[in-house]
Structure formats: structure tokens, C-alpha cells
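Below, each chain spelled out in residue letters.
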Amino acid sequence: MKYIKLPTLLILFLFQTNTFFAQHSIIPIPVSYTVTDASFTFQNELYLSGNINDDQATTHINQLREFLATKGIALIDKKSKKNCIKISLNKKADVTLGNEGYSLEVIEDNIVLSANKAAGIFNGVQTLKQLFPEKKTDTISISGCSITDYPRFKWRGLMLDVSRHFFTVDEVKAYLDQMSAYKFNVFHWHLTDDQGWRIEIKSLPKLTEIGAWRVERYGRFGENRENPKPDEKATYGGFYTQEQIKDIVNYAAARNITIVPEIDIPGHSMAALAAYPDLSVKKEPKFVAPGIKFSEWYGGGKFKMLIENTLNPTDEKVYEFVDKVFTEVAALFPGEYIHMGGDEAYHGYWEENKEVQKFMKKNKIKDTHELQSYFVKRVEKIISSKGKKIIGWDEILEGGLAKGAAVMSWRGMKGGVEASKMEHEVVMSPTTYAYLDYTQGDRSVETNIYASLSLEKAYSFEPIPEEANAEYIIGGQANLWTEEIPNLPFAFYMTYPRAFAISESLWSPKDKKDLDNFITRTMHHFSRFDNAKLNISKAVYDPIVSVANDGNKLICELKNSIPNSEIYYTINNTYPVQFGEKYTGSFEIPKGNLSLRTRTFVNGEPIGRELLIHREDLVKRAGK
Ligand code: ACM
């Protein structure tokens, strides 16, 4: 494979004005990609030929038509041997390509795309779109290439939490549009949590009449937001009607995306309990949590819920409730899996309750971990009775797990490794590489979140750790929790470009991954987002600041992953920063009331943000 390394701004300039290098920026990188000497140049009409007699593939071709129309190109049906896009489904399956693979060639007069299945056509079209110039031009020139491509994993997921923040139908569709462009094929829809129940369940109307609404509060989540006042109206929220859900399911299917709905039980259930308090142990009246502090965290995953948010696993009424919910969920979502959550279920109220203890004794359940396992097994039976497979967060492993249940490993990879050895299917989704709610740039310019995940770290995600039984790792996923994400533009900012990194880790062969090359391609995709007026984080441009104590000296290092860049800094409260020092190696921050000011430059032009960090902050970062 040939990669072209050019200074950033030159690359971006070429990208704006010509198509010639566009094919070098495919994300995720294809399995096999060869540049040829050919060049296909055309104006505003292309003839479309194909043997397509498949509704789904026809849908994808129509999507291509719409895309080309935005570039001023019409797909015409009048036969022609030149200026042609030939799309076909293979009469005899090419085993290498599987269900989702495709082959794509750009030759002198034509573009040729073929696949075994409609899903392959869809993926091929996504790659083809990335070969076109961003801006509308009168003459388009795409240089020749030959691509054979297929995914490494069958589960390539993104999760969106719509409970902490409600996203409208159109916003969910916009999220699906972007993820499908990067060949994600699973949308994990986190539909319920303490802060809102978002799916209409017709047999349990209070879930949305009450559970979908909370009082409006601002400020940092889980810190000092106030409880609802007596008689205060719950005005923030929303939910998806079953008709809207069917519409979104179809919208996703037209983009090769299967939706995995999550109903998070037995914990994270405060919104459900606001509607039906009898389903808890204490049966006290509840409200939908507006982001108040209602838990305490002690490290190592230990915590206490200050308000009960857990279903009562010893109550038959709870299983009737669960059955009603999953009956309707299973009917709405045609996919194979239903996610039952299972994470962070607080056992304290179970431990304190005499009735629960009596039940455990009677049923020879030795502790509340086993009680949770009892619950999970009952839920598994309910879900499988609806013809679906159960998947849950790795806590569902505790106390034993029903055969056939799949595990989503989020507390690192350990749970996933263990589950794979026990022959459970595993989706790797570890906080360490795949939590998109974590801060991605320097804390001085980003939302203050308790953990961080850089683009570079996300790119190093390898879903199959050595110790795992690889056969059972079916894929991976990145998760966007929305406690600190109040709108769609910020959801995009937090998702991209780290989702590019996850997409490439899940689609492309391990040996095709290359960080420098990925960063260069990512910069092309910044233009794609900019032109579409979509928010994307360019935090990768910013210097990465590390500080450490060396004796009584405070030593600072700066770096970034941007090719051909320079970092400038000042430590004497002067600006602009390009008149300061060019970074060539670690330096001391002298004592005094001063700040580090630093920024990245390419060809003398600033890129990214200027960071301004007071010495006191640097001292804190360095630790004692
Ligand atoms: C999780 O992040 N609680 C699955």
C-alpha cells in the first residue's frame, strides 16, 4: 500500500481542490487496497448498470444516487460503456467477501462494485463515497484503485445513551447516518436508566407517562443538582412511540445496522420505579432522577445507592413486569439480541430486607451475587422465550450465567476473557479504550470528566487479548454515555474521531493498522465533517502535556501525533506563543505565579487550540 505523507495544510489544500489523493483516506482502512495509474474523469452524468434484483441492494443504490445528486451528478439509465458505475451482486458467491465484503475498482472509464449480498453493496458504497471530493466540482477525477474488503468482526457497535439525555427521532437518525458511513453495523440503544424510560410499552403505560419525564436541572451531573420540589412539574424528557421505533429500526436496516435495544435491569431502574414503585424492595414513592447525586463511589467498583434504584428479584410481580416489557421489545426489534443491562446493581437494599433474606434462605441462595444470578437466569428464560438471545454487561457473569447468554465486557477485558473461556459470545467494550464519554483532550480545554481517553489510545484497541478464546469474541463496541452530553452536536464531538479508531479496530485486519497513517486519514475526514457542518473533535492537534517531579524541579514534556508539526510554548506569561520557544525536549517549569501556554503549528500556521495551564495545576498533575 502506498501512503502519501505531506504537510497537513498541503494535504487539506489538495483535499479541498482536487480528488486526486482522496482515495488515500479511507476509514476504516480496507483489507486490500492497490493504487493504479488509471484515472476516471467525468462530469455530471454517470450510467448505472447492474444485475440488481434485490430490494435491499436497490435501496443502497438509491442512497448512492442521492449522494451523487449532492455532488451534481445524475445516475442515468441510458446504456453506455463509458462513464459507468457497474454494480452487481455476485452470481456465484466469492467466499472471501462473506456477507458484508465487497470489491471495488476504479478504472479508466468506470467504477465497478460487486458483492455477494446487499450488505456488501452498502459497505462498498460507503467506501466509494469516500473517494469523491468533498466539494461540488464541474469535473471529477478519481484516481484508479482496486479494493477487496471485508470486516474482521461481525459486531461493530456504537452505543448511545438516550436516558441521561433524550435525542429526538431525527437526531437518532443523524447518529445512524454517520456511524453507517464508517461501517458500524450494530446500534446499541440504551433506552432506560435512572434518568428516563424512553420506550413506549403499551401494557405498562406509566413507564412513559411518568418514567419518561424528570424535572429540568442544569449543572454538573451527579454533583449538586437539586431533588424535585413538591408538586414540581417534570418537564424534561421524552420517549419513542412504538411507531417511531419501527421507523428507526427500518431506517437503521436500510444502512446495514441492526439495533440492539437495552432495558437496563435490575439496577439503573429508578425511572421504572418512579412509575411502578411496588417493583422495588422498599416500595417507596420515587421520582425520575434529574442528575442528582444519589450514589457514593468508593473506588474499585464499590458504591452505595443513596436512593433505591433496583428491582426486587424475589418478587414474582417483577418477572411479570419483565415479561410484559420484553414481549413488546422483542416484537419491535427484529435483531437476534436483546440487552438486559445488569450493570452496577446495588445489593444493599436486598441485603437489608427481611423478606428478601427469607426468600434466599428458602431457595438456598447464599448471597446477593447469587441472587442477581437467579434474576439474570430468570430474565434469560423470558428473553429466550421470545426467540431472542440475551446479552448483558459483564456483571451478569457473577454467580454463574445461563448457557447461550452473551457478555459485553466493559470493566476492562477481564470479564470478556473469562466469558470467552466459558464459551459465551463476547463483545469487547472496555472503558480503557472504548468509552467515548471520557475526555479526549487536555483537561484545561475540555469538559471536566473523571477519566480520559485519547484518540491514540482508542486506536490501540485490540478486541482479542492473548488469553481469550478468540473464537467467542464476536466484536467490539464504543459507548457514548450522555450524563455530560446535552445535545447532538456535542454527541458528535465526543464520538468522532474516536469512533474512527474503533471502527478501524473492528473492521480492518490487525496488521493493516498504522497510527501515523490513521491520523493523516483522520485529518481528511475533519474536512468531511466541517463541510457537512458536523461537530468533530480536533483535540488530536493539541499538544499532550505531561509533567513529572524530578527532585524539586517540575519537568514538562509536550508531544502530539500530527505529522510535520511543531509545538511552541511559553512559560513566562508572554504571548502569542509562536514568539516563545520551539519545543525540542523536556524543560523545567520555573517556580512562580506563571502559566504554561502551548500550541501546535504546521508550516507556521497554528492548528488546534492554545492550551493555558497554570503552574498550580501542573503541580497537581505531577502529584506529590
Ligand atoms: C456501564 O458503563 N455501567 C456499563
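Keep in mind that this is a model prediction, so the values were computed, not measured. Residue indices begin from 1 for each chain and proceed along its sequence in written order. In keeping with the model being predicted, local features are shown solely for residues with a pLDDT of at least 70 and side-chain atom pairs are shown and tallied solely at 80 or more, while totals for entire chains, interfaces and linings include all residues. Values reported for side chains reflect all heavy atoms of the structure, with hydrogen atoms and water molecules removed beforehand.

1. Section: the overall build of the chain
And then number 1: Numbering of helices and strands starts at the N terminus; helices are DSSP runs of H or I of at least 4 residues and strands are runs of E of at least 2. When helices and strands are tallied, the chain shows 18 helices and 28 strands.
And then number 2: Seen through its C-alpha atoms, the chain measures out along the principal axes to roughly 75 × 75 × 50 Å.
And then number 3: When the 624 residues of the chain are sorted by exposure, 58% land in the buried category.
And then number 4: The contact criterion used throughout is that any non-hydrogen atoms of two residues lie within 4.5 Å. Intrachain contacts of the chain at a sequence separation of at least 6 include 72% that bridge at least 24 residues. Categorising residues by exposure relies on relative accessible area from a 1.4 Å probe, with only protein chains included: less than 20% of the type maximum marks a residue as buried, more than 50% marks it as exposed, and the intermediate range marks it as partly exposed.

2. Thoughts on the packing of aromatic side chains
And then number 1: Pairing of aromatic rings covers Phe, Tyr and the six-membered ring of Trp, with a centre-to-centre limit of 6.5 Å; geometry is then stacked below 30 degrees between planes, edge-to-face above 60, and tilted otherwise. Under the definition given, this model contains 37 aromatic pairs.
And then number 2: Measuring from centroid to centroid gives 5.4 Å for Y568 and F601, while their planes differ by 80°, and the two rings are edge-to-face. Taken together, the positions of Y568 in strand β24 (residues 566–570) and F601 in strand β27 (residues 595–602) put the pair 33 residues apart, joining distant regions of the chain.
And then number 3: Counting every residue linked through ring pairs, the aromatic cluster contains F166, Y175, Y182, F187, W189, Y240, F333, F492, Y496, F500 and F529.
And then number 4: Ring-over charges, as used throughout, are those where CZ of Arg or NZ of Lys falls within 6 Å of the ring centre and within 35 degrees of the ring normal. Over the aromatic face of W507 sits the side chain of K183, whose NZ or CZ is 5.5 Å from the ring centroid.

3. Describing the nonpolar core
And then number 1: For this analysis, a nonpolar core means a set of buried residues of the types Ala, Val, Leu, Ile, Met, Phe, Trp, Tyr and Cys, connected via side-chain atoms within 4.5 Å. Residues W189, Y240, F321 and F326 are the most contacted members of the largest nonpolar core, which totals 123 residues.
And then number 2: At nine residues, helix α8 (residues 316–332) tops the list of elements feeding residues into this core.
And then number 3: Membership of the second largest hydrophobic core comes to 33 residues, among which are L46, Y102, L113 and I147.

4. Here's the deal with the sheet that holds strand β1 (residues 32–42)
Pairing between the strands of a sheet is mediated by backbone hydrogen bonds and can be parallel or antiparallel.
And then number 1: DSSP calls a pair of strands paired once it identifies at least 2 bridges connecting them. One open sheet accounts for seven strands, arranged β1-β7-β5-β6-β4-β2-β3; its pairing is mixed. At either end of the open sheet lies a strand with only one pairing partner, and these are β1 and β3 (74–76). Within the sheet, the average angular offset between the axes of one strand and its neighbour, ignoring direction, is 25°.
And then number 2: Judged from the five bridges that link them, strand β5 (residues 102–106) and strand β7 (residues 140–149) form a sheet pairing that is antiparallel. Axes here refer to lines fitted to C-alpha atoms; in helices the fit is confined to the stretch in contact. Angles between the N-to-C directions go from 0 to 180 degrees.

5. Describing helix α4 (residues 169–181)
And then number 1: Here the expected span of a helix is defined as 1.5 Å times the quantity of residues minus one. With 13 residues, α4 extends 19 Å from end C-alpha to end C-alpha; this agrees with the ideal 18 Å at 1.5 Å per step.
And then number 2: Buried within α4 we find V169, V172, K173, Y175, L176, Q178, M179, S180 and A181.
And then number 3: A positive phi of about 65° marks K183, the residue just after α4.

6. Quick notes on the confidence of the model for the chain
Caution is warranted with low-pLDDT regions, since their predicted coordinates should not be read in detail.
And then number 1: Mean pLDDT over the chain: 94, with 96% of residues reaching 70 or higher.
And then number 2: Ranking the elements of the chain by mean pLDDT puts helix α1 (residues 8–17) last, at 40, and strand β9 (residues 186–190) first, at 99.
And then number 3: Low pLDDT, under 50, characterises residues 1–23; the stretch is placed with 49 contacts to residues that sit more than four places away or in other chains. The quantity called pLDDT is the predictor's confidence in a given residue, expressed from 0 to 100.

7. Describing the packing of helix α10 (residues 354–362) against helix α11 (residues 368–385)
And then number 1: Interaxial distance between α10 and α11 falls to 11 Å at its minimum, and their mutual angle equals 80°. Here α10 is positioned roughly perpendicular relative to α11, judged by the angle of their axes. Residue-level inspection shows V356, F359 and M360 of α10 in contact with α11, the latter providing T368, L371 and Y374. If an angle is under 35 degrees, it is roughly parallel; if it is over 145, roughly antiparallel; if it lies from 65 to 115, roughly perpendicular; otherwise it is oblique.

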